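Tertiary structure, described
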Amino acid sequence: MQPRPQHGFRPVFCTIVPPHVLDKLAQSDDPDLAGPARRTLEGDAARRTRRQMTTLVPSVRTVPVGAESDKPERTLYDCRHGTQLPGFKVRSEGEQPTQDASVNRAYAGLGATFELLLKAYDRRSIDGNGLPLIGSVHYDEKYNNAFFDGQQMVFGDGDGEIFLDFTVAIDVIAHELTHGLTQYTANLSYFGQSGALNESMSDVFGSLVKQYSLGQTADQADWLIGAGLLAPRVQGEALRSMRAPGTAYDDDVLGKDPQPASMEDYIHTTEDNGGVHLNSGIPNRAFCLLATALGGNAWERAGQLWFDVLTGGRLAADADFSDFARLTVEAARDRYGEGDEREAVRKAWSEVGVPSA
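Residues numbered from 1 in each chain as written. Predicted model: local features only at pLDDT ≥ 70, side-chain atom pairs only at ≥ 80, totals over all residues. Heavy atoms only, no water.

Remarks on the nonpolar core
The tendency in soluble globular proteins is for nonpolar side chains to be buried side by side. Counted only if it meets this: Joining through side-chain atoms within 4.5 Å is the link that ties buried Ala, Val, Leu, Ile, Met, Phe, Trp, Tyr and Cys residues into a set, and such a set is a nonpolar core. Residue exposure (1.4 Å probe, protein chains only): buried if accessible area is under 20% of the type maximum, exposed if over 50%, otherwise partly exposed. Contacts are assigned to residue pairs with any non-hydrogen atoms lying within 4.5 Å of each other.
Grouped together as the largest cluster of nonpolar side chains are 90 residues, with contacts concentrated most on Phe163 and Trp306. Apart from residues no more than four positions distant in its own chain, Phe163 is found in contact with Val17, Val21, Leu25, Asn144, Asp157, Gly158, Leu229, Leu230, Ala231 and Leu239. Counting residues in hydrophobic clusters, the runner-up holds six residues, among them Phe13, Tyr139, Tyr143 and Phe147.

In structure tokens form, the structure reads like this:
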């Protein structure tokens, strides 16, 4: 199947830190916390508006005869705390590590994501055709986010008070790059439940890249998104918890993690594109429940089913949770028959209150 969309399309602007977290920081009485948060919010809003007005045509990369199509093609840039993208080129594919740890971490994270897609799912880069992977580090001053803009990855250094360098967490790198995978496959609309599915897919494969790179089974994994990203002063362990949504942090400045863990607590809101970073906790938990129930490596059976649905061509851009749940049950039947996998998928969705019939 050819990657979708086939013609011009408007990609979404996806960030790892939700707007509600930055809003909370921006209200702080401490200017060292509020200032960077406000600038990040304002910059993200401007970039989001520009992205909504831009139509991209996905590149078609033809691999020359004899070329190594199973190798990534990474290029890293340094923005030097400016906002002009991509910045100054500092490392190309195959070159030795630089003296800049951020560059090297981003390079490794892009490579780890490429490797999981190739080794686990036989997919060559996010577009399935060896698309080059581009990353820019040291974006802006004290920029409290990382994002995928439809064409490349961008990482801020954080403010050092609440957030550290956004290249420190490999699942953050993989999360943002997975937005590109979704863009080239189901192209899930970035609003409401389809938008929450879009975010959840990035959390799922972000976590799988981390587990794959560490050689962890589903039982050994921490199922945290962004562990190590929060500064020492913050009372919390990560941005999100897939195993227990709503428990990642509880801090005087950031507040309490508001993610719901089931449909019973689904959040109806017009903020954050209809709560895409909030309600994503529900399908996140369903995946974690499935992966731990099946045991072994989560990227194998559980991850394979999610990948099958995302790339199979039957997932509508405006799909809701029930649509996705039903397709995962069908994918389990198609791949594994009427066995334990299919029943485990049904049970996982049932536990979070999403019908899969």
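Re unusual backbone geometry
Definition in use: A run of DSSP states H or I qualifies as a helix once it reaches four residues; a run of E qualifies as a strand once it reaches two. Both are numbered from the N-terminal end.
A cis amide bond links Leu85 to the next residue, Pro86, at an omega of 5°. Mapped onto the elements of the fold, Pro86 is located in the loop between strand 2 (74-78) and strand 3 (88-92). Even without glycine at this site, Asp122 takes up a positive phi of about 55°. Locating Asp122 in the fold gives a position in the loop between helix 3 (101-121) and strand 4 (133-137). Located in the positive-phi region is Asn273, a residue other than glycine, with phi close to 50°.

Things to note about the packing of helix 7 (residues 281-294) against helix 8 (residues 301-311)
Condition: Here the axes come from fitting lines to C-alpha atoms, over the contacting stretch only for helices, and the angles between their N-to-C directions go from 0 to 180 degrees. Put simply, angles under 35 degrees are roughly parallel, angles over 145 are roughly antiparallel, angles from 65 to 115 are roughly perpendicular, and the rest are oblique. Each residue is assigned to one of three groups, with Ala, Val, Leu, Ile, Met, Phe, Trp, Tyr, Cys and Pro labelled nonpolar, Asp, Glu, Lys and Arg labelled charged, and all others, Gly among them, labelled polar.
Taken N-terminus to C-terminus, the directions of helix 7 and helix 8 make an angle of 140°; their axes are 8 Å apart at the nearest point. Relative to helix 8, the element helix 7 lies oblique. Contacts between helix 7 and helix 8 involve Phe287, Leu290, Ala291 and Leu294 on the former and, on the latter, Arg301, Ala302, Gly303, Leu305 and Trp306. Its residues assigned to classes, the contact of helix 7 with helix 8 shows seven nonpolar, one polar and one charged.

A few points about the sheet that holds strand 4
Formally: Strands pair, by our definition, only if DSSP identifies at least two bridges between them.
Overall, mixed pairing links the six strands, which are arranged 1-5-6-4-2-3 in an open sheet. Every other strand in the sheet has two partners, leaving strand 1 (14-15) and strand 3 as the edge strands with one partner each. Strand direction decides the pairing type here: strand 2 and strand 4, joined by five bridges, are parallel. Its bridge partner being in strand 4, Arg74 is matched across the sheet by Leu133. In the packing of helix 4 (residues 170-183) onto the sheet, the strands contacted are strand 1, strand 4, strand 5 (146-148) and strand 6 (153-155), and the crossing angle to strand 5 comes to about 20°.

What to know about helix 3
Condition: One less than the number of residues in a helix, times 1.5 Å, gives the span that helix is expected to have.
Given a rise of 1.5 Å per residue, 21 residues ought to cover 30 Å, and the 29 Å separating the end C-alpha atoms of helix 3 matches this to within 8%. The positive-phi residue at the C-terminal boundary of helix 3 is Asp122, with phi of around 55°.

Some words on the pattern of salt bridges
Note the cut-off: Take a side-chain nitrogen of Lys or Arg and a carboxyl oxygen of Asp or Glu: if they are within 4 Å of each other, that pair is a salt bridge.
Overall, the coordinates contain 16 salt bridges when judged by the stated rule. Ionic contacts of the salt-bridge type, sharing partners, join the residues Asp70, Asp122 and Arg124 into one network.

A closer look at the pairing of strand 4
Burial within strand 4 is extensive, with four of its five residues counted as buried. One ladder, built from two bridges, connects strand 4 with strand 6; its direction is parallel. Paired with Gly135 across the bridge in strand 6 is Met153.

What about the packing of aromatic side chains?
Selection criterion: Planes of paired rings set the category: under 30 degrees apart is stacked, over 60 is edge-to-face and the rest tilted, where pairs are Phe, Tyr or Trp rings (Trp by its six-membered ring) whose centres lie within 6.5 Å. Whether a charge sits over a ring depends on NZ of Lys or CZ of Arg being within 6 Å of the ring centre and within 35 degrees of the ring normal.
Considering all chains together, one arrives at 15 aromatic pairs under this definition. With a centroid separation of 5.6 Å and 85° between ring planes, the pair formed by Tyr139 and Phe147 is classed as edge-to-face. For the residue pair Tyr139 and Phe147, the accessibility class agrees, reading buried in each case. Relative to Phe147, the ring of Tyr143 has its centre 6.1 Å away and its plane inclined at 90°; by these criteria the two rings are edge-to-face. For Phe147, a relative accessible area of 1% translates into the label buried. A network of ring pairs unites the aromatic residues Trp223, Phe287, Trp306, Phe324 and Trp349 as a single cluster. A cation over a ring is seen here: Arg74 above Tyr107, with NZ or CZ 3.7 Å from the ring centre.

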